Amino acid sequence: MITENLRQLRRNIPENVQLVCVSKFHSIDEIREAYNSGERIFGESKVQELTSKHELLPADIEWHFIGHLQSNKVKYIVPFVSLIHSVDSLKLLQEVDKQAQKAGRNVNCLLQVHIALEETKFGFNEVELLQLIESGELKELKHITICGLMGMATFTDNTEQVRSEFRTLKSLFDRIKTHMQDVLSAFNILSMGMSDDYPVAIEEGSTMVRIGSKIFGQRLYK
Ligand SMILES: *Cc1c(COP(=O)(O)O)cnc(C)c1O
């Protein structure tokens with residue numbers, strides 16, 4: 001089933017858009033099936049779950065962290081994580097930088113932007129984000145690379161609402177990329193789009209989609 005789901009999904013995703021297979025709450029065997037179909041990028045949203053799966057699965061998997069991250073847990077994922085999508089404060093960036101230095105590596109991060117109507121979703125608003133970038137604080141962080149932005153649209157059937165949120169994020173991404181080249185020279189990733197809204201996200205300029213249930217089936221939990 002997973003193999004067939006991936007085959008269909010791959011037909012709908014252009015080659016220049018990266019696919020993160022969101023494997024949260026799914027088993028090692030299910031992840032292995034996706035791996036055997038050729039997938040190498042997997043996303044998890046809980047630190048404990050990510051670290052234990054990382055230990056059990058092949059070393060050439062690129063693990064992405066996509067969930068809300070607490071500062072005190074950063075140290076557990078920094079030694080191996082490929083990309084953290086969900087950085088939503090300067091404090092968290094500083095902790096990732098500190099732990100990355102300790103681990104002797106550079107860690108790639110995206111800044112999460114709050115674009116949805118729901119209060120429950122995390123992320124910077126536009127003003128906070130621009131203030132952070134213009135503050136000069138990012139230059140102090142020598143062990144992280146800010147690679148772009150991540151956002152989650154409102155959970156709704158209203159496609160036009162979702163489209164306008166993605167469009168807002170894309171235009172913010174383009175503005176930062178154009179005007180902040182000196183501070184953010186590796187700013188290339190726009191992570192937006194999930195199982196229900198990835199076609200719209202791709203139309204609106206996504207470079208990386210995070211897809212779970214369309215690959216692995218429904219989860220019992222969010
Ligand atoms: C769970 C999750 C996804 C995947 O959701 P699906 O609707 O199952 O595709 C993507 N992004 C984030 C941040 C998530 O937490």
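Everything below is about the structure shown above.
Please read these numbers as outputs of a predicted model, since none were measured by experiment.

A. Focus on the overall build of the protein. On a plain count of helices and strands, the protein comes out with nine helices and eight strands. Dimensions of the protein, computed from C-alpha atoms along their principal axes, come out at roughly 50 × 45 × 30 Å. Looking at the 222 residues of the protein, the share that counts as buried comes to 49%. Restricting the contact set of the protein to residue pairs at least 6 apart, pairs at least 24 apart contribute 60%. Total accessible area computed for the protein in this model is approximately 11,000 Å², and 48% of it derives from carbon and sulfur atoms. In the protein, 26 side chains carry a positive charge and 30 a negative one; their mean positions are 3 Å apart.

B. How the structure looks around the site of the ligand. Taken together, the neighbourhood of the ligand is formed by Val22, Lys24, Ile66, Met152, Met194, Ser195, Arg210, Ile211, Gly212, Ser213 and Arg219. Between the ligand and Ser195, the relevant distance is 2.6 Å, taken from an oxygen atom to a side-chain nitrogen or oxygen of the residue. At 2.8 Å from an oxygen atom of the ligand is found a main-chain nitrogen or oxygen belonging to Ser213. Compared with its free state, where it exposes 390 Å², the ligand has 93% of that area covered by protein. Taken together, the residues of the shell around the ligand sort by class into five nonpolar, three polar and three charged.

C. Structural detail: helix 5 (residues 90–103). For helix 5, which comprises 14 residues, the first-to-last C-alpha distance of 20 Å matches the rise-based estimate of 20 Å (1.5 Å per residue) to within 8%. When helix 5 is considered as a whole, its buried residues turn out to be Leu92, Leu93, Glu95, Val96, Asp97, Gln99 and Ala100. Its buried side turned inward, helix 5 meets helix 4 (74–77), strand 4 (83–87), strand 5 (107–113), helix 6 (126–134) and strand 6 (144–151). Positioned one or two residues after helix 5, Gly104 has a phi angle of 70°, which is positive.

D. Geometry of helix 6. Among all positions of helix 6, only Leu129, Leu132 and Ile133 are buried. Along the long axis of helix 6, the arc covered by the buried residues comes to 95°, so they all point the same way. Exposed residues on helix 6 whose side chains face more than 90 degrees from its buried face are Val127, Gln131 and Glu134. Contact partners of the buried residues in helix 6: helix 5, strand 5, strand 6 and helix 7 (159–179). At the N-terminal end of helix 6, a side-chain oxygen is found 3.1 Å from the backbone nitrogen of Val127, two or three residues along, and the residue is Asn125.

E. Geometry of the packing of aromatic side chains. Evaluated as defined, the whole model comprises two aromatic pairs. With centroids separated by 6.0 Å and ring planes inclined at 45°, the aromatic side chains of Phe42 and Trp63 adopt a geometry described as tilted. Of this pair, Phe42 sits in strand 2 (residues 41–44) while Trp63 sits in strand 3 (residues 62–65), and the two are 21 residues apart along the sequence. Taken as a pair, Phe42 and Trp63 share a single burial class, namely buried. Judged by centre distance (5.2 Å) and plane angle (25°), the rings of Phe173 and Phe187 are stacked. Separated by 14 residues along the polypeptide, Phe173 in helix 7 and Phe187 in the loop between helix 7 and strand 7 (189–191) bring together distant segments of the chain. For the pair Phe173 and Phe187, a shared accessibility class is recorded, and that class is buried. The cationic tip of Arg40 hangs over the ring face of Tyr35; the distance from NZ or CZ to the ring centre is 3.6 Å.

Calculation criteria
Residues numbered from 1 in each chain as written. Predicted model: local features only at pLDDT ≥ 70, side-chain atom pairs only at ≥ 80, totals over all residues. Heavy atoms only, no water. Helix = DSSP H or I, 4+ residues; strand = E, 2+ residues; numbered from the N terminus. Buried < 20%, exposed > 50% of the residue type's maximum accessible area, 1.4 Å probe, protein only. Contact = heavy atoms within 4.5 Å. Areas by Shrake-Rupley, 256 points an atom, 1.4 Å probe, with all protein chains shown as cover. Lys, Arg positive; Asp, Glu negative; His and termini not counted. Charge placed at Lys NZ, Arg CZ, Asp CG, Glu CD. Near = heavy atom within 4 Å. Polar contact = N/O pair within 3.5 Å; in protein donor to acceptor, adjacent residues only side chain to side chain. Nonpolar A, V, L, I, M, F, W, Y, C, P; charged D, E, K, R; others polar. Expected span 1.5 Å × (residues − 1). Arc of directions from axis to C-beta. Phe/Tyr/Trp six-rings, centres within 6.5 Å; stacked < 30°, edge-to-face > 60°. Lys NZ or Arg CZ within 6 Å of the ring centre and 35° of its normal.

Everything listed here is a matter of coordinates, which is why it stays silent on function.
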